[in-house]
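Descriptive structure summary
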Amino acid sequence: MFGIVRPCRHRLGEKLTAQWTAHLCGLCLALRGDHGQLARIVTNYDGLLISVLTEAQADPAGPRGRRTAGPCPLRGMRTASVAHGEGARLAAAVSLVLASAKVRDHVADGDGLLARRPVALAARRVAAGWDRAGARTGSDVGFDTAVLVDAVDRQTGIEALAGPGTSILTVTEPTETATAAAFAHTAVLAGRPHNAAPLAEAGRLFGRLAHLLDAVEDREADAASGAWNPLTATGTSLDEARRLADDAVHGIRLALREAEFTDGGLAHRLLVHELPNSVRRAFGTPSCAHGSHPYAPPGAPGAPGGPTPPEPPRRDRRGLLAGCAVWLGLACTCQMCCGEYEDPWTRERKEGCLHNCDCDCCECCECCNCCSCGGEDGCCSGCDCGCDC
């Protein structure tokens with residue numbers, strides 16, 4: 001999974017978590033249904049926003065756009081209600097084309113195994129197949145993926161010419177154009193053409209934010225490996241990047257106010273409340289109250305001034321093949337997503353990705369103070385409490 005919007009289930013609450021999971025599974029199954037099992041690896045958290053926005057604008061009197069999916073190993077062999085229809089298929093098309101671009105970018109940079117010619121050749125073939133597949137699905141839902149491919153092609157040339165003094169917004173422009181087109185087309189699918197302009201603006205700023213946060217998170221690793229990084233290449237400081245990121249978050253909030261939604265709770269939660277958390281995560285190290293340890297009295301092990309707690313006993317590492325076998329078993333039982341598990345190779349205790357939150361159980365809306373942390377669905381619950389955010 002990749003993407004900048006990685007919500008915590010404690011913040012979403014039970015209702016919105018179920019909706020978010022339905023769109024995630026719907027994107028995954030749309031990829032499998034149209035393009036085969038291999039295409040499922042491009043499932044990503046940001047891509048499902050396309051499906052979320054389409055459903056948020058849908059006519060409540062029309063079809064719900066959900067179906068019951070059969071048992072899946074990643075859901076612990078449980079059935080589930082998942083998003084279905086044109087929104088999920090558009091999300092799949094966009095995810096395929098942008099994943100193809102990401103693969104080609106890694107090939108061009110010679111990252112890891114992709115520095116080897118046979119692997120790079122195979123990766124290019126996979127990427128080309130994803131481009132064609134995305135174009136087919138995009139055409140089926142009336143979306144021309146050529147705007148995405150053009151943005152990707154222009155990105156390479158812009159990066160080659162960028163240097164100290166080049167505006168970072170020049171570098172982010174192709175990503176902004178691509179995401180603006182994808183967001184705007186959700187209004188077409190939902191039959192609300194008047195929403196196209198504000199959603200295009202929200203998409204443009206989301207693309208800017210995604211590009212900036214990716215650059216911030218990769219800055220140190222790129223410096224160590226010698227890879228190209230937009231912040232380093234243009235001489236953009238972290239302070240300037242943070243200013244632009246905060247402005248983009250604010251702009252998205254304002255753009256969404258101009259759009260008309262029939263059920264915008266999840267879209268609002270993800271694009272208004274989760275994006276500031278994404279910015280904080282990229283620029284700092286947020287703490288997670290859910291993973292914190294109970295208070296230890298003075299003098300107790302682990303408390304300030306107390307003795308250092310003993311190191312857990314070291315356990316022998318598993319070999320490559322044995323670790324792979326254990327990993328497969330964990331994936332098929334959903335433990336790597338939803339439970340606690342032992343690392344397949346190092347044997348360290350870990351928690352599933354849904355536990356890796358960065359929230360405080362008692363935090364409320366960042367944009368108002370009228371939301372209650374309690375209630376059936378937890379904090380905010382889509383801000384249906386009347387706050388003007």
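Now for a description of the structure that goes with this document. (Residues numbered from 1 in each chain as written. Predicted model: local features only at pLDDT ≥ 70, side-chain atom pairs only at ≥ 80, totals over all residues. Heavy atoms only, no water.)

**A few points about the packing of aromatic side chains**
According to the stated counting rule, one finds two aromatic pairs in the structure shown. Taking the centre distance of 5.5 Å and the plane angle of 35 degrees together, the rings of W20 and Y45 count as tilted. Of this pair, W20 sits in helix α1 (residues 9–35) while Y45 is found in the loop between α1 and α2 (48–57), placing the two residues 25 residues apart along the sequence. (Phe/Tyr/Trp six-rings, centres within 6.5 Å; stacked < 30°, edge-to-face > 60°. Helix = DSSP H or I, 4+ residues; strand = E, 2+ residues; numbered from the N terminus.)

**Quick notes on the pattern of salt bridges**
What the rule picks out here adds up to 15 salt bridges. Put simply, D150 and R154 hold a salt bridge, and the shortest N to O gap is 3.1 Å. Here D150 pairs with R154, and both are found in helix α5 (residues 146–161), just four residues apart, close to one helical turn. Linking D247 and R243 is a salt bridge whose minimum nitrogen-to-oxygen distance equals 3.1 Å. Placement of both D247 and R243 in helix α9 (residues 238–257) is noted, with a separation of four residues, approximately one turn of the helix. (Salt bridge = Lys/Arg side-chain N within 4 Å of Asp/Glu carboxyl O.)

**Some remarks on the packing of α2 against helix α10 (residues 265–283)**
In the contact formed by α2 and α10, the axes pass within 8 Å of each other and the chain directions differ by 140 degrees. Here α10 runs oblique to α2, going by the angle between their axes. Here α2 and α10 pass one another in a crossing that is left-handed. In contact with L48, L49, V52, L53 and A56 of α2, α10 contributes L266, A267, L270 and L271. When the residues that make up the contact of α2 with α10 are grouped by side-chain class, the tally is nine nonpolar, no polar and no charged. (Axes fitted to C-alpha atoms, helices over the stretch in contact; angles between N-to-C directions. Parallel < 35°, antiparallel > 145°, perpendicular 65-115°, else oblique. Left-handed = near helix turned anticlockwise from the far one by under 90°. Contact = heavy atoms within 4.5 Å. Nonpolar A, V, L, I, M, F, W, Y, C, P; charged D, E, K, R; others polar.)

**Here we look at the environment of R242**
For R242, the position within the fold is in helix α9. Spatially, the C-alpha atoms of R242 and L213 are 8.9 Å apart, while their sequence positions differ by 29 residues.

**Details of the side chain of H185**
By the element assignment, H185 lies in helix α6 (residues 168–189). Discounting residues that sit within four places of it in the chain, H185 has contacts with L90, V141, G142 and F143.

**Quick notes on the nonpolar core**
Here is a general trend for soluble globular proteins: nonpolar side chains tend to be buried in one another's company. Within the largest apolar cluster, 75 residues are counted, with the highest numbers of intra-cluster contacts made by F206, L209, L270, L271 and L275. Residues contacting L275, with those up to four places away along its chain left out, are I4, V5, F206, L209, V249, I252 and L270. (Core = buried A, V, L, I, M, F, W, Y, C linked by side-chain atoms within 4.5 Å. Buried < 20%, exposed > 50% of the residue type's maximum accessible area, 1.4 Å probe, protein only.)

**Observations regarding a negative patch on the surface**
Together, D105, D109, D214 and E217 make up a negatively charged patch on the protein surface. Elements with a contribution of two residues or more to the negative patch: α3 (86–109) and α7 (196–225). Among the secondary structure elements, E217 is positioned in helix α7. When its relative accessible area of 40% is taken as the criterion, E217 is described as partly exposed. (Patch = residues over 30% accessible without salt bridge, like charges linked within 9 Å, V, L, I, M, F, W, Y side chains within 5 Å. Areas by Shrake-Rupley, 256 points an atom, 1.4 Å probe, with all protein chains shown as cover. Lys, Arg positive; Asp, Glu negative; His and termini not counted. Charge placed at Lys NZ, Arg CZ, Asp CG, Glu CD.)

**Thoughts on α5**
Taking 1.5 Å of rise per residue, the 16 residues of α5 would be expected to cover 22 Å, and the 23 Å separating its terminal C-alpha atoms lies within 8% of that figure. Along α5, the positions that sit buried rather than exposed are L148, A151, V152, Q155, I158 and E159. All buried residues of α5 lie within an arc of 130 degrees about the axis, which places them on one face of the element. Every exposed residue of α5 that faces more than 90 degrees away from the buried side is listed here: T156, A160 and L161. Of the surrounding elements, those touching the buried residues of α5 are α3, α6 and α7. (Expected span 1.5 Å × (residues − 1). Arc of directions from axis to C-beta.)

**Some details on the packing of α5 against α6**
Axis separation between α5 and α6 bottoms out at 8 Å; the angle between their running directions is 175 degrees. Comparing the axis directions of α5 and α6 gives the class roughly antiparallel. Residue-level contacts link V147, L148, A151, R154, Q155, I158 and E159 of α5 to T170, V171, E173, P174, T175, T177, A178 and A181 of α6. For the contact of α5 with α6, a count of residues per class yields eight nonpolar, four polar and three charged.

**Points about the environment of G134**
The topology assignment puts G134 in helix α4 (residues 117–140). C-alpha of G134 to C-alpha of S95: the two residues are 39 residues apart in sequence and 7.9 Å apart in space.

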